[in-house]
Structures are given as structure tokens and as C-alpha cells.
Amino acid sequence: MNNAQRTMIHISHLHPLKLVVSPEPKPICHACNIQCGNQSFGCIECRYFLHVTCATSKRCLNHPAHPAHNLTFELTPNYISGKFQCDACGVEGNTFGFRCRDCCYDLHLHCSALPHFVNHPSHSHPLSIVYKNPYPSGTCAICDLCKNYLDPCKWFYLCRSCDFGGHIGCFSPEKPEVLSPGLQAQPTLPSNPQEETQANVLLNTVNSIKQEQLLFAQAKAAQTMMVGSSRLVNSFQWRNNLL
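Scope of this entry: the structure provided in the associated data block. Everything numeric in this text was worked out from a predicted model, so none of it was measured.

**Quick notes on the nonpolar core**
Here is step 1: Counting residues in each nonpolar core, the largest one holds 46 residues, and the members touching the most others are Leu50, Trp155, Tyr157 and Phe171.
Here is step 2: Apart from the residues within four sequence positions on either side, Phe171 is in contact with Val118, His120, Ser122, Leu127, Cys143, Leu145, Tyr157, Phe164, Gly165 and Gly166.
Here is step 3: Core analysis: the next-biggest nonpolar cluster, separate from the first, contains 5 residues, Val130, Leu150, Phe156 and Leu158 among them.

**Here's the deal with unusual backbone geometry**
Here is step 1: Following Glu24, the chain continues to Pro25 via a peptide bond in cis, the omega torsion being -10 degrees.
Here is step 2: Take Pro25: it is sitting in the loop between strand E2 (17-21) and strand E3 (39-43).
Here is step 3: At Lys147, a residue that is not glycine, the phi angle is positive and equals roughly 65 degrees.
Here is step 4: Tracing the sequence through the fold places Lys147 in the loop between strand E13 (141-142) and strand E14 (149-150).
Here is step 5: Note on Lys147: relative accessible area 55%, which makes it exposed.
Here is step 6: One non-glycine residue with positive phi stands out, namely Asp163, at about 50 degrees.
Here is step 7: When you line up the elements, Asp163 lands in the loop between strand E15 (156-159) and strand E16 (164-167).
Here is step 8: Accessibility expressed as a relative area gives 48% for Asp163, which makes it partly exposed.

**A short note on the packing of aromatic side chains**
Here is step 1: A complete count under the given rule lists 5 aromatic pairs for this structure.
Here is step 2: Look at Phe73 and Phe96: their rings are 5.5 Å apart centre to centre, the planes differ by 85 degrees, and that puts the pair in the edge-to-face class. Within this pair, whereas Phe73 is found in strand E6 (residues 71-74), its partner Phe96 is found in the loop between strand E8 (92-93) and strand E9 (97-100), the two being separated by 23 residues in sequence.
Here is step 3: When its relative accessible area of 7% is taken as the criterion, Phe73 is described as buried.
Here is step 4: The rings of Phe73, Phe96 and Phe98 are connected pair by pair, giving a single aromatic cluster.
Here is step 5: The ring of Phe73 carries Arg59 above its face, with NZ or CZ at 4.8 Å from the centroid.
Here is step 6: In this structure, Arg99 is placed above the aromatic ring of Tyr79, and the distance from its NZ or CZ to the ring centre is 4.6 Å.

Each value, and the rule that gives it
Numbers given for residues are sequential positions, taken from 1 along each chain in its written order. Note on the predicted model: pLDDT of at least 70 is required for a residue's local features to be given, and 80 or more for side-chain atom pairs to be given and counted; whole-chain, interface and lining totals, by contrast, use all residues. Here the side-chain values reflect all heavy atoms present in the structure, with hydrogen atoms and water set aside. Here, nonpolar core refers to any group of buried Ala, Val, Leu, Ile, Met, Phe, Trp, Tyr and Cys residues whose side-chain atoms link them within 4.5 Å. Under the scheme applied here, a residue whose accessible area is under 20% of the maximum for its type counts as buried, over 50% as exposed, and between as partly exposed, the area being computed with a 1.4 Å probe on protein chains only. Note on definitions: a residue-residue contact is assigned when non-hydrogen atoms from the two residues lie within 4.5 Å. The helix and strand labels rest on DSSP assignments: H or I over at least four residues marks a helix, E over at least two residues marks a strand, and numbering proceeds from the N terminus. A pair of Phe, Tyr and Trp rings is counted when the ring centres sit within 6.5 Å of each other, with Trp represented by its six-membered ring. The angle between the planes then sorts it: under 30 degrees is stacked, over 60 is edge-to-face, the rest tilted. Either the NZ atom of lysine or the CZ atom of arginine qualifies as a charge over a ring when it sits within 6 Å of the ring centre and within 35 degrees of the ring normal.

What follows is the structure, encoded as C-alpha cells:
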């Protein structure tokens, strides 16, 4: 990136991208499908925009959730369906991501940047992010904030000493002090009061994750109710047959 001209060449687009004040209404970032903040790298002619942090993300990532192999940055999912399922949040993605090609392990850009530790006003202790299910198989977990179903096979935040925690979207801070380990802007951008920060990007990320996880929880609850109703009907039918 040329700091003097505030432009960069990105492998995802043919034209140079300039650091611009995002137009209104705020465009959607082509890297993560989340709305851009005050500033973005964009090609005005093509209406192509990227978050500052998405545009400057690493090309190779060593993530503690998958320490065996490095994760490679990919512009498009390398699957026949054209989509990948994020191993952090369980939500499908069809844009930029990080992938372990050996293990078919995939992460959204924004999920790879979730902080390892968070503080939340609902609890007196810091909560750490959990990458692997710590509970016995078949354990039913509930988010302590939204009280909805929590899939412990996906990432979540937990205070282990109190067994208090929940969805990453519920506990992620709106203004984190540290983003690690993924979306770190490598070049230093020109100082500007309106410049988009990593915190602004994550704020939009958190809102997106909250909505996705709420829809997932509602669908899971509806499925559970349907299964329960079906079993009840079968039980009544079995009893009637005996009579």
C-alpha cells in the first residue's frame, strides 16, 4: 500500500483500492458481507469496498483453535457448493475466509479475529474463549445471557471457575482493546479522527453474529419442540393400540 496516496493493490480486485470515506448508505464489505464503517478501501467505479482490516488481513494465519496447521487466506470457498461452514460459529460463508486445506477447517475473517478474553458487566471474572467442547457428550448447554440453546461444539466464552458463559455474539465486547489473532492491519494508515478502527469492524461483526446465532437458536428450539411433539403423538398411538 502506498501511504502517501492512500491506495493499495488487492488480489481480489483488478483496480487499485483507495482509502475513502464510505458513501451513504454504507456499502457492504465484499470480504465478509458486513456493512463498512466510516472509512473503507474502495473502487468507486466498480462499487467494490472492503473494511480496512479485511483489506489488510494476513495471508497466512497460525490460530490457537487449529495449532496443527497454518490457515491459508482464500478469496472464495474451495468447495463444490461455493460455501463453507465456519468451524467457529457454525454459520455458512461464501466470501473471504481462512482454511486448513488438509483438515477442511474453515473460519470467517471476523471469527478469526475474536479476542481470547473478554470482560462483561454481567460477571465479575474475565471469560475466555473455548474452542473445544469441554462437556461430556450429550450435554445440553444454555447461554447465560440470552437463555437460548448453546452448541458447545462451536466456540463460546466461559468462566471455567463459575461455569458461566455463552454465545460469542452475546459476550463479545462492543469496543475491544485487543483483537487477536487474525484481522490486524499490517500497514499504518494515515492518522484521521474518522478513520475506521478494528473495534468498529468488530462491533458490526458482533451484531451480525448475534442475529445469526439467535436465528440458529430459534430454529433449534423449534426442531426440539417438533421432535417432542412427534414422540408424544407416537406414545398416545402406542397406548391406544394396547387398549
